[in-house]
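So you can see what is in the structure, the chains are spelled out below.
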Amino acid sequence: MSVKETFSPRINVIREAFAYQSRFTGSTMIFKIDFPVTTSSGFQYLMKDMALLVNSGIRVVIVPGCKEWIDAVLLDHNIVSEYSGSERITSESAIPFVEMAAFNVATRYMTALSASRVDAVVGNFARARGRGVINGVDMKYTGTVDKIFTQAMRRILDMGVIPILPCIGWSPTGKPYNVSSNEIAIAAAEALGASKLFIVTAGDYLKKDQITIPEHTRYTTEGRILRLNPREAEEILLLNTSGGETNNDREKCLAMIRFALSAFSGGVERVHIINGCEEGTVLNELFTNLGAGTMLYADEHEAIRGIHSSDIPDILHIMEPLVRQDILVRRSAEDVQKNKDDYVVYVIDGSVHACGALHDLGDGQAELAALASDKTYSSMNIGRRIVYYLIEKARDMGMKRVLVFTTKTQDWFELLGFRETSIDTLPRQRRENYNYKRMSKIFALNL
Ligand SMILES: CC(C)(COP(=O)(O)OP(=O)(O)OC[C@H]1O[C@@H](n2cnc3c(N)ncnc32)[C@H](O)[C@@H]1OP(=O)(O)O)[C@@H](O)C(=O)NCCC(=O)NCCS
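Please read these numbers as outputs of a predicted model, since none were measured by experiment.

Caption draft 1: Spatial organisation of the overall build of the protein chain. Of regular secondary structure, the protein chain possesses 15 helices and 23 strands. Across the 447 residues of the protein chain, 50% fall into the buried class. Restricting the contact set of the protein chain to residue pairs at least 6 apart, pairs at least 24 apart contribute 71%. Per element, the accessible surface of the protein chain, about 22000 Å² overall, is 49% carbon and sulfur. Separation of charge centres in the protein chain, based on 51 positive and 54 negative side chains, amounts to 3 Å.

Next comes the structure, spelled out in structure tokens:
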């Protein structure tokens, strides 16, 4: 029996993965993992994937969330927690059980990681001090991070071992404090100069139906919000603070966004929210452009820029399917190289996902050409952004009119304000070069 070989999609995934892998080697990533993930069937896979990351040279730090397990242990010992807002006030009678619960959870990680043949160390890497009295409320054994012992952690990371930071910190005199694992994760990320912080949750967040989002927010067909910059994240917080009914999912999403924003203030540039109960999400998020979760980024992530010669193979690769459908005219690498200054590309995380060009036709008119957008990324406004960018460029060049020649995309250009025009209105030289065999329609936008 013969089997049809289809390399192309697989090859693209492998290329993406290699491109990311070479960038991530040697970088530090912090994983704050919510407790319910440890009880899900996805946990073993998650730990296996952590082992893969370590083996590929990524420095992994784990901060286990523990809240639900501490609640259960305290309940078991008839200890009722008091709260100040959403923060637990850890009493003297509770702290030994909190310590026990925190180490019990950390041990689950050790066990799972041992099964994946990767070494881990649970350690006293966080020094803490008491939160003291806040607004007249004594927070007792609830603490805050004072210092992260980076030297010890770095030595461990250098050996390819995963440090695990339980939600306990000790004062210089050895007094234990219960510290929020979110705070530990941010402090560790900041102290170690981590490139990424992962919020690994037990469920699918952030989704469009869970929170009100600004119009321009990008999401997948399944409603997963793909990316947010700090401005968009702040906008979501504003849009969702109008009160109304308490909604669990919404509150969780907002808490994660606030968490990410505090991580940005601590100098972390990328925060990823992924579902830890689902198999493969970490690898998918890290090694593919579309990812599997939501990325909040404080640095430059995507941009339109002029092209380098090294972009030309990628440009031709994006154009190829459109050339085969007779939507685009075939161009050679030499053609693109010759008009290099006219081209721009849309780059996401260093890889090219769309292109376009603006050719000066003289007589105050420019031609928008070679527009091609990667199909995997369709309907994310990428095509439109390239067009708007080139229109702005035409304006800056003092053009009066932008033309486009199209055989199949007229409706789309009309949506963007272009209107059909006749060949007689073209500058003379372009009129003479018009390809009558192709019979493209001519559209124009007056600036
Ligand atoms: C048209 C094109 C740029 C869209 O890319 P994109 O990155 O998906 O662009 P956007 O996200 O800005 O727009 C997508 C929207 O346009 C719509 N669209 C795509 N192609 C269309 C077409 N031919 N006619 C009408 N609408 C179209 C999509 O359905 C989508 O609608 P939605 O937002 O309601 O889901 C891309 O398909 C392409 O490269 N086409 C070839 C362009 C071309 O003709 N080049 C030669 C002349 S320069």
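Here the narrative resumes.
Caption draft 2: Highlighting the side chain of E285. Along the chain, E285 falls in helix α10 (residues 281-287). Notably, E285 is buried but unbridged: the nearest opposite-charge side chain belongs to R224, and the N-O separation is 4.6 Å. Of the polar contacts made by the side chain of E285, one reaches the side chain of H272; its length is 2.6 Å. If we skip the residues at most four places from it in the chain, E285 touches F198, H272, I274, G291, A292, G293, T294 and M295.

Caption draft 3: The domain arrangement of the protein chain, seen in detail. Domain parsing of the protein chain yields domain 1 (8-300) and domain 2 (303-446). Computed over C-alpha atoms, the centres of domain 1 and domain 2 are 43 Å apart. At the junction of the two partners, domain 1 supplies 10 residues and domain 2 supplies 12 residues. Taking both sides of the interface into account, the surface hidden between domain 1 and domain 2 amounts to around 950 Å²; carbon and sulfur atoms contribute 40%.

Caption draft 4: Spotlight on helix α11 (residues 312-324). Under the 1.5 Å per step criterion, the end-to-end length of α11 is 18 Å for 13 residues, consistent within 8% with the ideal 18 Å. Helix geometry: α11 is bent most strongly at I318, by close to 30°, with proline P321 lying one to four residues after it. Of the residues making up α11, those classed as buried are I312, I315, I318, M319, L322 and V323.

Caption draft 5: Broad picture of the environment of N435. As for its position among the elements, N435 is in the loop between α15 (428-433) and β23 (441-446). Looking at N435, its side chain comes within polar contact range of the main-chain nitrogen of K437, at 2.9 Å. Within the local environment of N435, its side chain forms a polar contact with the backbone nitrogen of R438, the two atoms lying 3.1 Å apart.

Caption draft 6: Broad picture of the nonpolar core. One finds I30, L165, L197, L206, I257 and V271 to be the most contacted residues of the largest nonpolar core, which totals 47 residues. Take this core: its biggest share by element is 9 residues, from helix α9 (residues 248-265). Judged by nonpolar contacts, the second largest core, of 46 residues, contains V60, W170, V200 and L286.

Caption draft 7: How the structure looks around the sheet that holds strand β22 (residues 419-420). Pairing is mixed in the open sheet, where 7 strands are placed in the order β17-β18-β19-β20-β21-β23-β22. Here the strands that pair on one side only, and so sit at the sheet edges, are β17 (302-306) and β22. For strand β19 (residues 351-362) and strand β20 (residues 365-373), the ladder comprises 7 bridges, and the chain directions are antiparallel. Counterpart to G362 in the pairing with β20 is Q365. Each of β18 (343-348), β19 and β20 is contacted by α11, which is oriented at about 85° to β20, the strand it contacts most. Here helix α13 (residues 382-396) sits on the sheet and contacts β17, β18, β19, β20, β21 (401-406) and β23; the angle it forms with β19, its principal contact strand, is near 30°.

Caption draft 8: Seen up close, the pattern of salt bridges. On inspection of all chains with the given rule, the structure shows 17 salt bridges. Across the salt bridge formed by E367 and R430, the nearest N and O atoms sit 2.7 Å from each other. Placement of the pair is E367 in strand β20 and R430 in helix α15, with a sequence separation of 63 residues. Bridged by salt links that share partners, the residues K67, D71 and R88 form one connected network.

Caption draft 9: Local environment of the environment of R430. The buried category is assigned to R430, whose relative accessible area is 16%. Between the C-alpha atoms of R430 and H301, which are 129 residues apart in sequence, the distance is 38 Å. For R430, the contacting residues outside a window of four places in its chain are L361, E367 and F405.

The rules behind each value
Sequence positions are assigned chain by chain, starting from 1 and proceeding in written order. In keeping with the predicted nature of the model, local features appear solely for residues at pLDDT of at least 70, side-chain atom pairs appear and are counted solely at 80 or more, and the whole-chain, interface and lining totals rest on all residues. In computing side-chain properties, one takes all heavy atoms of the structure into account and sets aside hydrogens as well as water. Helical segments are the DSSP runs of H or I of at least four residues, strand segments are the runs of E of at least two, and each set is numbered from the N terminus. Burial here depends on accessible area, computed with a 1.4 Å probe over protein chains only, as a share of the maximum for the residue type. Under 20% is buried, over 50% is exposed, and the range in between is partly exposed. Two residues qualify as a contact provided that any one of their heavy atoms is within 4.5 Å of a heavy atom in the partner residue. Throughout, the Shrake-Rupley method with a 1.4 Å probe supplies accessible areas, and for residues the shown protein chains are the sole cover considered. His is not counted here, nor are the chain ends, while Lys and Arg score as positive and Asp and Glu score as negative. Charged groups are reduced to one reference atom each: NZ for lysine, CZ for arginine, CG for aspartic acid, CD for glutamic acid. The salt bridge definition used is simple: a Lys or Arg side-chain nitrogen within 4 Å of an Asp or Glu carboxyl oxygen. Polar contacts here mean pairs of N or O atoms no more than 3.5 Å apart (in protein, one a potential hydrogen donor and the other a potential acceptor; neighbouring residues in sequence count only if both atoms are side-chain atoms). What fixes the domain bounds is an automatic or database domain assignment. For any pair of parts, buried area is found by adding up, for both, the accessible area (1.4 Å probe) each one loses once the two are put together. Every helix has an expected span of 1.5 Å times one less than the residues it contains. Bend angle per residue: angle between axes fitted to the 7 residues ending at that residue and the 7 residues starting there. What makes a nonpolar core is a set of buried Ala, Val, Leu, Ile, Met, Phe, Trp, Tyr and Cys residues whose side-chain atoms join them at distances within 4.5 Å. Here the rule is simple: two strands pair whenever DSSP picks up at least two bridges between them. Think of each axis as a best-fit line through the C-alpha atoms, taken over the contacting stretch in the case of a helix, with angles from 0 to 180 degrees between the N-to-C directions.

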